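Descriptive analysis of the structure
Spelled out from the first residue to the last, the chains are:
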Amino acid sequence: MLFTSFIFVCFLPVCFFLYWLLFSKNVTTQNVFLLIANYFFYAFWDWRFLFLLIGYGLVNYFIGLKIGEASTERQQKGWLWLALISGLGTLIFFKYTNFFIGSFADLLALLNIHANLYILNIILPLGISFYTFQTLGYVLDVYKGKVSPTKNLLSFLTYTGFFPIVMSGPIERSTNLLVQLQRKRTFDPEIAKDGLRQMLWGFFKKIVIADNCALIVDNIFGNYRHASSFSLLFGAILFTIQLYADFSGYSEIAIGVAKLFGFDLVRNFAYPFFAQNIADFWRRWHMSLTSWLTEYLFTPLSIALRDYGKVGLIFSILLTYIIIGFWHGANWTFIVFGAINGIYYIPMILRGRLNKKTAKSKAKWLPGLPEAGRMLGTFGLIVFAEIFFRSETVSDALRYIRRIFSASITQYRDLSGHLDLWMFIALMFIVEWIQRDKQHALQMNNKSAIAWRWGIYTLFVLLIFFAGGEQQRFIYFQF
Amino acid sequence: MKRFLLHVFAFCVLIAGLLFVITQITDRGLRHSNYSGFRVWNDIRNGAINADVLIQGSSHSWVQIDPHILDTALHTDSYNIGMDGYSFDVQYARYRMYREYNRKPKMIVQVLDYFVFNKTTSLFDKHQFLPYLDNGYINDEVTQVGMPAYYHYLPFLKYQENPEYIDVGLREFFDVKHWPLTVYKGFQGQDRHWDQSQFDNFRHNFKYITPELSDETLNDAYRFLDSCRKEDIKVVFVFTPHYYQFSQMVAYKSKYIQFLKDIASRYGAAFFDFTNDSICYHKDYYYNGTHLNKWGATAFSLKLADSLKTIYK
Amino acid sequence: MDKNEILVRVNEIFKKELDNEDIKLDFESTAKDVEEWDSLSHVQLIVAIEKSFKIRFASREIQSWQNVGQMVETIFKKL
């Protein structure tokens, strides 16, 4: 079910009351209830794939135990490979089969062989990219000896299907969420209130910013062959903002919902558009995915290749980003998107500047000119890469970019309208800038006057209510 | 926990209260606004019409019959409540609302076209109904056509999905801006000219037009005619002129008009048929195949007034 | 060389590689305590340490470290 759907608005309070009033006796009752809620939530979309989710949980639970029991490293490795092959194999089957068939046919066509290959009719199970990584992360941690395998099947199944994150992350680590699932949760009104505030901010970003952008962006990318260069540029910028508002908005809602049930999830976004270089950007964007791939892919790879110096590092970075891109979906556009981001790192690696994290903006109110310049520059790089992310095919993206520089500059309707949307976007960035050292933009303590706090809540509730765009699915549900 | 729930509950009450106030203010603002088509609805609701001659129909009424001309010629007080884009089912709902607030007219000019007794299938310009969903006739009818039924129970949702009207309503309510009047007694002459290429396209796309009827809407019509007979209101059926090349595209045209004439005679209503009038050949009087522009409307209203004189005392 | 001496030498390598004179490591330090120490500089640090001590780590050793103390422990065993 969608967080922005009517059914979720009913589901959430019912769960909240049952969880805290009827099932709060001990950790087992709490987890039993959560497991039921998880499966109801997931089955509401498609009950058939519920078995896949349960299967993932059971298989990885047993593999975790087996790795723990195994006496030799050889046996441990064997179990690890079983987990990797079954997990990634399932993911590849559902997500990439048709891509490989199609690309294989293209390759044959290049060799002048015209094969009639079947494209399978495969439905992508929602959230599979997220829960595959989440369960594999657990097995990898057990293998590395970072965590001991859990014997508690109930909490492990609850961890694999945890409803706030099962559809679209954040990708939780067992060291965080699984540990919390093994203790009894007690109600803390301050945490619950903070969760509600964070949800409010998430809904604002999703409904007011992302959904309003969607209509314009779809229009521009759908008709880019006839758009002026100004609208194309505008469309690319707006899409970058839409993607941010959509996915970070979703993440804030997920984290906020988890807080209502007494959980502290990992942060997924840390104001990425205030980053001053590309490395900084990726440390703040979809953090749960980048940190996952950094730990399980980039670090082992770069260590294995450490004798090759900068070439080894560049290769590791490129491969990591290509996989980040490919993770989003079976399309060359995502691969190019990833590769572009990897390429952005090369000058920094060559200059040997990688290890210098840019100091946090010291500005109290406004960023200095050089800082603002670096932020805008980084934003521009991202906008360029996102054109590939959004386009249907790589050649569409290339044509889109060519048209930015070749089409006529403006058409009469470019500058009219959308003023309110720009005001909302400005509001979002201003609030996030002011609150940039906080975990989320509406984090407040009880010291500020109640009238001020309630005034802010009211403002955003009314904006969500009256200024929201037509309901759209979350972009990241397709990944 | 208790305190937390209390806070959440209090906040929900606050928001609900605010939504209620905003909806009320918007309703009130729009009920005094000339914006878009609200003026006629407002005149109806305020009982400000009380016309002796009431003109009703679809856009064929709205843009083609000028009450000013009828008033002068017939020495009477007329008003045009024609609704763009709606068949008789919704016209009838509007008529019943009219009668709730206005006294009975002496005569009703019912404008006919090829789809008048068909069923309305889409909510054209649906915002015009929003401040008037509290009226039972209107609410029942537009809900059938597609207005969400929950608007009636949760009125704040109606502006949630059409927020631009909050803006208009608030500005009208607080006297920030008043929109100028664009209709004269409901009539809005169109300052537009014939567009040959548009008409050619139309002919190319459609080849021919078939008039449509719905039993449900016809039953509404019979109920309407019956009540007028009982109340002693004279009803006049007027089939307005269409451009002759359009009329040539209409299949079963004479059969259809005969069907309408039979209804009229069954209920003792007069019938004026302008589908073969000389106006039909005057291209400059039209802006498309079925609608007269403001010059055509003047010419036609004068002719109509002459015809009405023969039966209006 | 005892563990404290190793720590001092590792600290010097960190200062040089990360270009920050203020770094002060102890056995409990982790990547969270040193701002410039991230996944990218991690490799550079390891290469520099290997060169300086003339040793070679196994990949799994590197990935098992939870703090500087464990790193020093591994170095100590290899010397």
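Residues numbered from 1 in each chain as written. Chains lettered and ligands numbered in written order. Predicted model: local features only at pLDDT ≥ 70, side-chain atom pairs only at ≥ 80, totals over all residues.

Let's talk about the overall build of chain B
So the rule is basically this: Going along the chain from the N terminus, every DSSP run of H or I of four or more residues is numbered as a helix, and every run of E of two or more is numbered as a strand. Between the two quantities, the radius of gyration covers C-alpha atoms and the globule rule is 2.2 Å times the number of residues to the power 0.38. Field definition: a residue is buried when 20 or more other C-beta atoms are found within 10 Å of its C-beta, exposed when 12 or fewer are, and partly exposed for counts in between, with C-beta atoms placed from the backbone. Residues are scored as being in contact if the C-beta atoms we place from backbone atoms lie within 7 Å.
Along chain B, the regular secondary structure elements total 14 helices and five strands. Taking 313 residues into account, the globule formula puts the C-alpha radius of gyration at 20 Å, and chain B, at 22 Å, falls close to it. For chain B, the spread of C-alpha atoms along the three principal axes comes to 80 × 45 × 40 Å. Looking at the 313 residues of chain B, the share that counts as buried comes to 39%. Put simply, of all contacts in chain B between residues at least 6 apart along the chain, 81% involve residues at least 24 apart.

Focus: the overall build of chain C
Scanning chain C from N- to C-terminus turns up four helices and zero strands. Starting at the N terminus and ending at the C terminus, chain C contains elements arranged as α-α-α-α. Here the C-alpha radius of gyration of chain C, 11 Å, is about what a compact globule of 79 residues would show, namely 12 Å. Considering only C-alpha atoms, chain C reaches an extent of 30 × 25 × 20 Å along its principal axes.

A word on the packing of helix H3 (residues 50-69) of chain A against helix H4 (residues 73-110) of chain A
Residues and elements named next belong to chain A. Condition: Helix axes are fitted only over the stretch in contact, all axes being lines through C-alpha atoms; the angle between N-to-C directions runs from 0 to 180 degrees. Should an angle fall under 35 degrees it is called roughly parallel, over 145 degrees roughly antiparallel, and 65 to 115 degrees roughly perpendicular, with every other angle called oblique. Crossing chirality is assigned from the near helix's rotation relative to the far helix, an anticlockwise turn below a right angle marking it left-handed and a clockwise turn marking it right-handed.
Packing of H3 against H4 brings their axes to within 9 Å, and their N-to-C directions diverge by 165°. With respect to H4, the element H3 is oriented roughly antiparallel. The interaxial crossing formed by H3 with H4 has left-handed handedness. Contacts between H3 and H4 involve Val59, Asn60, Ile63, Lys66 and Ile67 from the first element and Gln76, Trp79, Leu80, Leu82, Ala83 and Ser86 from the second.

Examining the interface of chain A and chain C
Interface size is commonly expressed as the accessible surface area that is lost when the partners come together. Applied cut-off: Ten residues, namely Ala, Val, Leu, Ile, Met, Phe, Trp, Tyr, Cys and Pro, are considered nonpolar, four, namely Asp, Glu, Lys and Arg, are considered charged, and the remaining ones, Gly among them, are considered polar.
Residue-level contacts link 16 residues of chain A with 18 residues of chain C. With seven residues, helix H12 (residues 287-304) of chain A is the single largest residue contributor to the side of chain A that touches chain C. Here the residues of the side of chain A that touches chain C sort into seven nonpolar, five polar and four charged.

A look at helix H15 (residues 369-390) of chain A
Residue and element names in this part refer to chain A. Selection criterion: Multiplying 1.5 Å by the residue count of a helix minus one yields the expected span of that helix.
Here H15 spans 31 Å end to end across 22 residues, near enough to the 32 Å set by a 1.5 Å rise per residue. Considered for burial, the residues of H15 that qualify are Thr378, Ile382, Ala385, Glu386, Ile387, Phe388, Phe389 and Arg390. In this fold, the buried residues of H15 make contact with helix H9 (189-222), helix H10 (229-260), helix H11 (278-284), helix H14 (332-351) and helix H16 (394-406).

Some thoughts on the environment of alanine 214 of chain A
All names here are of chain A. Among the structural elements, alanine 214 can be located in helix H9. With 21 C-beta atoms packed within 10 Å, alanine 214 lands in the buried category. Sequence separation between alanine 214 and glycine 235 is 21 residues; the distance between their C-alpha atoms is 9.9 Å.

Looking at the interface of chain A and chain B
Counting residues at the interface gives twelve residues for chain A and ten residues for chain B. Of all the secondary-structure elements, those providing two or more residues to the side of chain A that touches chain B are H9 and helix H18 (450-467) of chain A. With seven residues, the top contributor of residues to the side of chain A that touches chain B is H18 of chain A. Counted by class, the side of chain A that touches chain B contains ten nonpolar, one polar and one charged residues.

As for the pairing of strand S1 (residues 53-56) of chain B
Residue and element names in this part refer to chain B. Basically, it comes down to this: Paired strands are those between which DSSP finds at least two bridges.
What you see with S1 is no split at all: Val53 and Ile55 on one side and Leu54 and Gln56 on the other are buried throughout. Pairing geometry for S1 and strand S3 (residues 107-112), over four bridges, is parallel. Of the residues in S3, the one forming a bridge with valine 53 is methionine 107.

Quick look at the nonpolar core
How we decide: By convention in this section, buried Ala, Val, Leu, Ile, Met, Phe, Trp, Tyr and Cys residues joined through C-beta atoms within 7 Å make up a nonpolar core. The split into domains, and so the bounds of each, comes from an automatic or database assignment of domains.
Ranked by size, the top nonpolar core spans 119 residues in total, and within it Val139, Ile209, Cys213 and Phe388 of chain A carry the most contacts. Inspection of this core shows a minimum of three residues originating in each of domain 1 (6-187) and domain 2 (191-276 + 358-478) of chain A. In this structure, Val40, Leu70, Tyr165 and Ala221 of chain B belong to the second largest nonpolar core, which totals 69 residues.

Here's the deal with the sheet that holds S1 of chain B
Residue and element names in this part refer to chain B. If you walk across this open sheet you meet the five strands as S2-S1-S3-S4-S5, and the pairing is parallel. The open sheet is flanked by strand S2 (78-80) and strand S5 (270-273), the only strands paired with a single partner. If you compare each strand with its neighbour and ignore which way they point, the axes differ by 20° on average.

Examining the arrangement of the chains
Ranked by contact count, the leading pair among the two pairs of chains in contact consists of chains A and C. Separated in space, chain B and chain C share no contact, their closest pair of C-alpha atoms being 35 Å apart.

Focus: the confidence of the model for chain C
Quick note on the threshold: The quantity called pLDDT is the predictor's confidence in a given residue, expressed from 0 to 100.
Per-residue confidence for chain C gives a mean pLDDT of 89; residues scoring 70 or more make up 100%. Complex prediction metrics read pTM 0.85 and ipTM 0.89.

Some thoughts on the environment of tyrosine 92 of chain B
Residues and elements named next belong to chain B. Looking at the element boundaries, tyrosine 92 is found in helix H5 (residues 88-101). A count of 19 C-beta atoms within 10 Å places tyrosine 92 in the partly exposed class. Separated by 37 residues in the primary sequence, tyrosine 92 and phenylalanine 129 place their C-alpha atoms 14 Å from one another. In this structure, tyrosine 92 is in contact with Asp220 and Phe224, ignoring residues within four places of it in sequence.

Points about the packing of helix H13 (residues 309-327) of chain A against H14 of chain A
Residues and elements named next belong to chain A. Their axes nearest at 7 Å, the elements H13 and H14 cross at an angle of 155°. Taken together, the axis directions place H13 and H14 in an arrangement best described as roughly antiparallel. Crossing of H13 against H14: the hand is right-handed. The segment H13 lies against H14, with Lys310, Leu313, Ile314, Ile317, Leu318, Tyr321, Ile322, Ile323, Ile324, Gly325 and Phe326 engaging Phe334, Ile335, Phe337, Gly338, Ala339, Asn341, Gly342, Tyr345, Ile346, Ile349 and Leu350. By residue class, the composition of the contact of H13 with H14 is 17 nonpolar, four polar and one charged.

A closer look at unusual backbone geometry
In this model, glycine 169 of chain A is joined to proline 170 of chain A through a cis peptide bond whose omega is 0°. Relative to the helices and strands, proline 170 of chain A resides in the loop between helix H7 (163-166) and helix H8 (174-181). One non-glycine residue, aspartate 125 of chain B, lies in positive phi territory at about 55°. Even without being a glycine, tyrosine 252 of chain B presents a positive backbone phi close to 55°. Take tyrosine 252 of chain B: it is sitting in the loop between helix H12 (244-247) and helix H13 (253-266).

Some remarks on the environment of threonine 186 of chain A
Residue and element names in this part refer to chain A. Tracing the chain through its elements places threonine 186 in the loop between H8 and H9. Judged by C-beta crowding, with 9 C-beta atoms within 10 Å, threonine 186 ranks as exposed. For the pair threonine 186 and proline 13, spaced 173 residues apart in sequence, the C-alpha separation works out to 17 Å.

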